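Residues per chain are reported as follows:
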Amino acid sequence: MNELFRQIPKVDRFLKDEELLKLLDDNPLFFLKEAVNRVLEELREGIREGKVKEIDYESLRAKVREKLKELLRPKLHRVINATGVVLHTNLGRAPIGKKAAQNLLSVITGYSNLEYDLEEGKRGLRYRNLEWILKELTGAEDVCVVNNNAGAVLLVLSALAKGKEVIVSRGELIEIGGSFRIPDVMAQSGAILREVGTTNKTHLRDYERAINENTGLLLKVHTSNYKILGFTHSVSTRELVELGRRYGIPVYEDLGSGSFIDVRKLGLSYEPTVQEVLKAGVDVVSFSGDKLLGGAQAGIILGKKEFIERIKKHPLNRALRIDKMTLAVLEATLRCYLDEKLALRELPVWRLLSQSREEIFNKARELIRELRLEGFKGKATIVEDEAEVGGGALPLQTLPTYCVAVEVEGLSPDEIDRKMRRCEVPVIGRIKEGMYLIDMLTVFEEEIPVIAKSLLKISGEE
Ligand SMILES: *Cc1c(COP(=O)(O)O)cnc(C)c1O
């Protein structure tokens, strides 16, 4: 055993190894040292346990190379979404379009006119590039954009209803992922929650009876991740607006996902659009930038000038402000909506949602063809299934899809799943009824060869 320990190569030998240094490229030497240390530590352990019988530099170098590759990849990296959930919050919600990505790169790799007025040659306004376009698209009088929609809700409540009562239906006291709960946000803002109605039924008269001299706001929250079915009643935006007008109380709708496109055009069930809600007369509406909008994480607040001005002046607005990366992505994304057909084509979220069944089927067939061509030893078959929109939009809507069900001898579905998650470009599929599925609805064409390569790799391992 001591003889083996003596044979362990010196760390320096690896650190001077031309091949490893080439792989390290222009990255900190830290990563190579770390890779070597981890491999040598494993080796010592192997020797102690009597598992290592001989030591050869070449095979150690191969291990260091693999470890180094792994360490050099940033911890946040691309994955392939084969879950069939289009807006998957854990997988980064909306992928952005090519135009947005190009604009982002150009803005952030140099300086920009973020807060600089090129006409006047002096300080300008950060949000002016989004203002005109959001007004143009929605007809809103004024605009405010913050870090995310949860922030937008907090800001609107703080600015318009601190110390005042906010009337909300009991059927709309939502919790969405990440501990965002309307009653908690309300408490944080200093507004007083005034619940009305019941879980399944809330009538206009319930709101009306709760109005008093300290009512600050009527709030409507889009029930984005659940539906109450059966014996139900809720008050429409239009009715609430009419009530607000009568009593001189502003109406705010948290729309959640917020779409500019009527999803019924894609054969999906009805979701109100941002334009519709504004047209119904709400004073303020807010929604996310990275759900159905298909842009960057942001909370977009639109509405009547007198209220938006108060919101903009609130100190929280500065605390929740967005950076140039978000602005660059949002502007390029929003521009697409000036031509709806372009938005459907250019923005990945809409491209995925508007695929025909045939297109999805063809992607599945392409994956199988690729696997056959390369001599895949496992079994891959096309199965019909259901995908979903996700991201707090259309909770009950399922999307017809095709999946490739994969079986590999000697591997359980869970093991396939784990191995696929650990590939160089991780593939996140799903397991249903004991089958490992790759849902082709959320897979992009160019990802098919990458998935095929990973499947070949995991089926070739022992
Ligand atoms: C998603 C959602 C939010 C939170 O939006 P983020 O942009 O994730 O902060 C708030 N309200 C509703 C109704 C939502 O669906």
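Cut-offs used in this document
- Residues numbered from 1 in each chain as written.
- Predicted model: local features only at pLDDT ≥ 70, side-chain atom pairs only at ≥ 80, totals over all residues.
- Heavy atoms only, no water.
- Helix = DSSP H or I, 4+ residues; strand = E, 2+ residues; numbered from the N terminus.
- Buried < 20%, exposed > 50% of the residue type's maximum accessible area, 1.4 Å probe, protein only.
- Areas by Shrake-Rupley, 256 points an atom, 1.4 Å probe, with all protein chains shown as cover.
- Lys, Arg positive; Asp, Glu negative; His and termini not counted.
- Charge placed at Lys NZ, Arg CZ, Asp CG, Glu CD.
- Near = heavy atom within 4 Å.
- Polar contact = N/O pair within 3.5 Å; in protein donor to acceptor, adjacent residues only side chain to side chain.
- Nonpolar A, V, L, I, M, F, W, Y, C, P; charged D, E, K, R; others polar.
- Pairing = 2+ DSSP bridges.
- Axes fitted to C-alpha atoms, helices over the stretch in contact; angles between N-to-C directions.
- Contact = heavy atoms within 4.5 Å.
- Expected span 1.5 Å × (residues − 1).
- Arc of directions from axis to C-beta.
- Domains from an automatic or database assignment.
- Buried area = accessible area lost by both parts, 1.4 Å probe.

1. Some remarks on the overall build of the chain
At step 1: Regarding its fold elements, the chain presents 20 helices and 18 strands.
At step 2: In terms of principal-axis extent, the alpha carbons of the chain reach across some 90 × 55 × 40 Å.
At step 3: Expressed as a percentage of the 462 residues in the chain, the buried residues total 50%.
At step 4: As presented, the chain carries roughly 23700 Å² of accessible surface, and 49% of it is formed by carbon and sulfur atoms.
At step 5: Charge-centre separation for the chain: the mean point of 71 positive side chains lies 2 Å from the mean point of 71 negative side chains.

2. Some points on the site of the ligand
At step 1: Taken together, 13 residues sit near the ligand, with Ala 150, Ser 224, Asp 254, Ser 288 and Lys 291 positioned nearest.
At step 2: A distance of 3.0 Å separates an oxygen atom of the ligand from a polar backbone atom of Asn 149.
At step 3: Interatomic distance of 2.7 Å between a side-chain N/O atom of Asp 254 and a nitrogen atom of the ligand.
At step 4: Relative to its unbound accessible surface of 380 Å², the ligand loses 94% to contact with the protein.
At step 5: Split into classes, the residues belonging to the shell around the ligand amount to 4 nonpolar, 6 polar and 3 charged.

3. Examining the sheet that holds strand 14 (residues 379–390)
At step 1: The mixed open sheet is built from 5 strands, whose spatial order is 2-14-15-18-17. Since the sheet does not close on itself, it has two edges, and those belong to strand 2 (85–87) and strand 17 (430–432), each with one partner. Each adjacent strand pair in this sheet contributes to an overall mean axis angle of 45 degrees, direction not counted.
At step 2: As defined by bridge partners, strand 14 adjoins strand 15 (residues 398–407) across 10 bridges and the pair is classed as antiparallel. For Ala 387, the partnering residue across the bridge sits in strand 15 and is Leu 399.

4. A few points about the environment of Asn 113
At step 1: When you line up the elements, Asn 113 lands in the loop between helix 6 (98–108) and strand 3 (116–117).
At step 2: Sequence separation between Asn 113 and Ser 169 is 56 residues, and the spatial gap between their C-alpha atoms is 44 Å.
At step 3: Among all residues touching Asn 113, those that are not within four sequence positions of it are Leu 118 and Arg 128.

5. Let's talk about helix 18 (residues 357–373)
At step 1: Its 17 residues give helix 18 an end-to-end C-alpha distance of 24 Å, which sits within 8% of 24 Å, the value for a rise of 1.5 Å per residue.
At step 2: Of all the positions in helix 18, only Ile 360, Lys 363, Ala 364, Leu 367, Ile 368, Glu 370 and Leu 371 are classed as buried. Buried residues of helix 18 fall within an arc of 160 degrees about the axis and therefore sit on the same side. Residues of helix 18 that are exposed and angled more than 90 degrees away from the buried face: Glu 358, Arg 372 and Leu 373.
At step 3: Packed against the buried residues of helix 18 are strand 14, strand 15, strand 18 (435–439) and helix 20 (448–460).

6. Topic: the domain arrangement of the chain
At step 1: Taken domain by domain, the chain holds domain 1 (2–70), domain 2 (80–90 + 351–460) and domain 3 (96–346).
At step 2: Once you take the C-alpha centre of each, domain 2 and domain 3 turn out to be 34 Å apart.
At step 3: Of the roughly 1300 Å² buried between domain 2 and domain 3, counting both surfaces, carbon and sulfur atoms make up 64%.
At step 4: On the domain 2 side of the interface with domain 3, the three residues burying the most area are Arg 351, Leu 394 and Pro 395, jointly 36% of the side's total.

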